[in-house]
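# A look at the structure
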Amino acid sequence: MVFGIYFHYRNLRWRLCYKLAWPILLFLLYISHTTSGQIRYSIPEEMKKGSLIGNVAQDLGLDLKRLRSGRARIVTGESIQYTELKTDKGILVVNERIDREQLCGDVTPCSFSFEVILENPMELHPVKILIQDQNDNAPQVLYPVQTGGSLVAEMVPRSADVGYLVTKVVAVDVDSGQNAWLSYKLQKATDRALFEVGLQNGEIRTIRQVTDKDAVKQRLTVVVEDNGQPSRSATVNVNVAVADSFPEVLSEFTDFTHDKEYNDNLTFYLVLALAVVSFLFITCVVVIISVKIYRWRQSRILYHSSLPVIPYYPPRYSDTLGTGTLPHVYNYEVCRTTDSRKSDCKFGRAGSQNVLIMDPSSTGTMQRIQSEKSILDEPDSPLEVS
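Here is what the cut-offs are and how they apply
- Residues numbered from 1 in each chain as written.
- Predicted model: local features only at pLDDT ≥ 70, side-chain atom pairs only at ≥ 80, totals over all residues.
- Heavy atoms only, no water.
- Helix = DSSP H or I, 4+ residues; strand = E, 2+ residues; numbered from the N terminus.
- Buried < 20%, exposed > 50% of the residue type's maximum accessible area, 1.4 Å probe, protein only.
- Contact = heavy atoms within 4.5 Å.
- Areas by Shrake-Rupley, 256 points an atom, 1.4 Å probe, with all protein chains shown as cover.
- Patch = residues over 30% accessible without salt bridge, like charges linked within 9 Å, V, L, I, M, F, W, Y side chains within 5 Å.
- Salt bridge = Lys/Arg side-chain N within 4 Å of Asp/Glu carboxyl O.
- pLDDT = per-residue confidence, 0-100.
- Core = buried A, V, L, I, M, F, W, Y, C linked by side-chain atoms within 4.5 Å.
- Phe/Tyr/Trp six-rings, centres within 6.5 Å; stacked < 30°, edge-to-face > 60°.
- Disulfide = S-S within 2.5 Å.
- Pairing = 2+ DSSP bridges.
- Axes fitted to C-alpha atoms, helices over the stretch in contact; angles between N-to-C directions.

### Let's talk about the overall build of the chain
If you tally the helices and strands in the chain, you get six helices and 22 strands. Counting across all 386 residues of the chain, residues that qualify as buried make up 28%. Intrachain contacts of the chain at a sequence separation of at least 6 include 63% that bridge at least 24 residues. As displayed, the chain offers around 27000 Å² of accessible surface, 57% of which is attributable to carbon and sulfur atoms.

### Side note on a nonpolar patch on the surface
On the surface, a nonpolar cluster with roughly 660 Å² of combined accessible area is contributed by Phe 268, Tyr 269, Leu 272, Val 276, Phe 279 and Leu 280. Structurally, Leu 272 can be placed in helix 6 (residues 260-304). A relative accessible area of 44% places Leu 272 in the partly exposed class.

### Considerations on the confidence of the model for the chain
Per-chain confidence: the chain averages 76 in pLDDT, with 63% of residues scoring 70 or above. Mean pLDDT values over the elements of the chain span from 42, in strand 22 (residues 383-385), up to 96, in strand 14 (residues 203-206). Below a pLDDT of 50 lies the segment residues 28-35, which in the model reaches eleven contacts outside its immediate sequence neighbourhood of four places, other chains included. Predicted confidence is poor over residues 345-386, with pLDDT under 50, and the contacts of this stretch with residues over four places away or in other chains come to 62 contacts.

### Overview of the nonpolar core
Within the largest apolar cluster, 26 residues are counted, with the highest numbers of intra-cluster contacts made by Tyr 41, Leu 92, Phe 114, Val 127 and Ile 129. For this core, the elements supplying multiple residues, two or more each, are strand 1 (39-44), helix 2 (56-60), strand 5 (91-94), strand 6 (110-118) and strand 7 (123-132). The element that contributes the greatest number of residues to this core is strand 6, accounting for five residues. Excluding anything up to four places from it in sequence, Val 127 contacts Gln 38, Ile 39, Tyr 41, Leu 92, Phe 112, Ser 113, Phe 114 and Val 116. Within the second largest apolar cluster, 20 residues are counted, among which are Leu 182, Val 197, Val 210 and Val 236.

### Re the packing of aromatic side chains
Applying the stated rule across the entire model yields three aromatic pairs. A connected cluster of aromatic rings, assembled from ring pairs, spans Tyr 82, Phe 112 and Phe 114.

### Let's talk about the state of the cysteines
What the rule picks out here adds up to one disulfide. What pairs with Cys 104 in a disulfide is Cys 110, and their sulfur atoms sit 1.8 Å apart. Its S-S torsion of about 70° marks the bond between Cys 104 and Cys 110 as right-handed, since a negative value means left-handed. Just as Cys 104 is buried, Cys 110 falls in that class too.

### Some words on the sheet that holds strand 15 (residues 217-226)
Neighbouring strands of a sheet are bound in pairs by backbone hydrogen bonds; such pairs are parallel or else antiparallel. If you trace the four strands from one edge of the open sheet to the other, you get 9-16-15-12, paired in mixed fashion. Unpaired on one side and paired on the other, strand 9 (154-156) and strand 12 (182-189) mark the two borders of the sheet. For this sheet, the mean angle separating the axes of adjacent strands, direction not counted, is 35°. Pairing geometry for strand 15 and strand 16 (residues 233-242), over nine bridges, is antiparallel. Across the sheet, the residue bridging to Val 222 is Val 236, located in strand 16.

### Overview of the sheet that holds strand 4 (residues 83-86)
Judged by pairing direction, the sheet is antiparallel, and its three strands sit side by side in the order 2-5-4 without closing on themselves. If you trace the sheet from one side to the other, it starts and ends with strand 2 (52-55) and strand 4, each paired once. Within the sheet, the average angular offset between the axes of one strand and its neighbour, ignoring direction, is 25°. Of the strand pairs in this sheet, strand 2 and strand 5 are connected by three bridges, and their pairing is antiparallel. Following the sheet pairing, Leu 52 is matched in strand 5 by Val 93.

### Regarding the pattern of salt bridges
Any two side chains of opposite charge can pair, so long as their charged atoms come close to each other. Using the criterion set out here, one finds eleven salt bridges in the structure. The partner of Glu 119 in a salt bridge is Arg 73, and the shortest N-O contact between them spans 2.9 Å. In this pair, Glu 119 is assigned in the loop between strand 6 and strand 7 and Arg 73 in strand 3 (residues 73-75), connecting sequence segments 46 residues apart. A relative accessible area of 38% places Arg 73 in the partly exposed class. The residue Arg 208 makes a salt bridge to Asp 191 at a minimum N-O spacing of 2.8 Å. Pair noted here: Arg 208 is in the loop between strand 14 and strand 15 and Asp 191 is in the loop between strand 12 and strand 13 (195-197), with a separation of 17 residues, a long-range link. Taken together, the shared-partner salt bridges in this structure form one network comprising Glu 46, Arg 97 and Asp 99.

### Some thoughts on the pairing of strand 4
Of the two faces of strand 4, only the one carrying Thr 83 and Leu 85 is buried; Glu 84 and Lys 86 on the other face are not. Of the strand pairs in this sheet, strand 4 and strand 5 are connected by four bridges, and their pairing is antiparallel. Bridge pairing in strand 5 links Thr 83 to Val 94. Hairpin remark: strand 4 followed by strand 5, antiparallel, with four residues in the connecting loop; positive phi at Gly 90, about 75°.

Here it is in structure tokens:
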């Protein structure tokens, strides 16, 4: 274990020496081999990739042959190489998007440096790039906090005098210089004659005496603008309650959280839901009516069709063939021809129906029960039993 700690200590020491030796070596090279002074370029942030920064060969007094033979290259300690040296043209171009706020934060002026190194003989040329701020960020409102559902309102007593401080709008801009200078303007108000907003400090104050006639619910819309070209802005809503007691505020501000945008969205979704339900209802009604009409048309077609009717026999029907006894009760109809020379049959009346009944107590004996008026009594009528 002691050997492991010692080995780790030696590795750590060598790493530290290596990290310290590289800057020292570059400094020594800078002192002994620098042929010209430091060159500087000033560029705006957010330049496109490939944009020209400057002509390094011309500014350093070098020709293109020297850049190629000396294997000119850029050495930087940053993890991201923002610039690229084109040795064939001797120019310096943007290699990566440069965001001043991401690179330097609140530090001004914002810049980064690197070295152009040439070999045979060794030359070291420092280059410094200054980043100019652009108005690429809008102001951010810190107070009052904009919440979607909770009630946030500033209370003003009815006894408030002229110049009463209601609240203060606080905003910041991450840009630098004049791009971060902010101004505040009152865009909309329930009563413009009651409140004003400080142009530079964002303070909201009363400009007259509060009276009993003033509405309890007051809404102010404040616009925060920066001084950039073109300027960017942000909007904040300030809710003010003119009341002397908290219960009065609650009674008057029951619907305060539902702003116009929320109500508009709710109305849109309600109309959309109503339209969908109505469409589904109409579709169901049309489908039901279509099915009813289709079934009615099918029944009419079958009723008017001239297809032969297939007779239906009960499931317990059997032909006796004149052999054996009938095990059950059977009904049969008597048919007769209208003329003995024709084959057309004419069904008899319902009263001419004969019933054969099997008497289970006798063997091979049948009783024939006829109706009061049978067609068989007519001697001139040939019969066919089915």
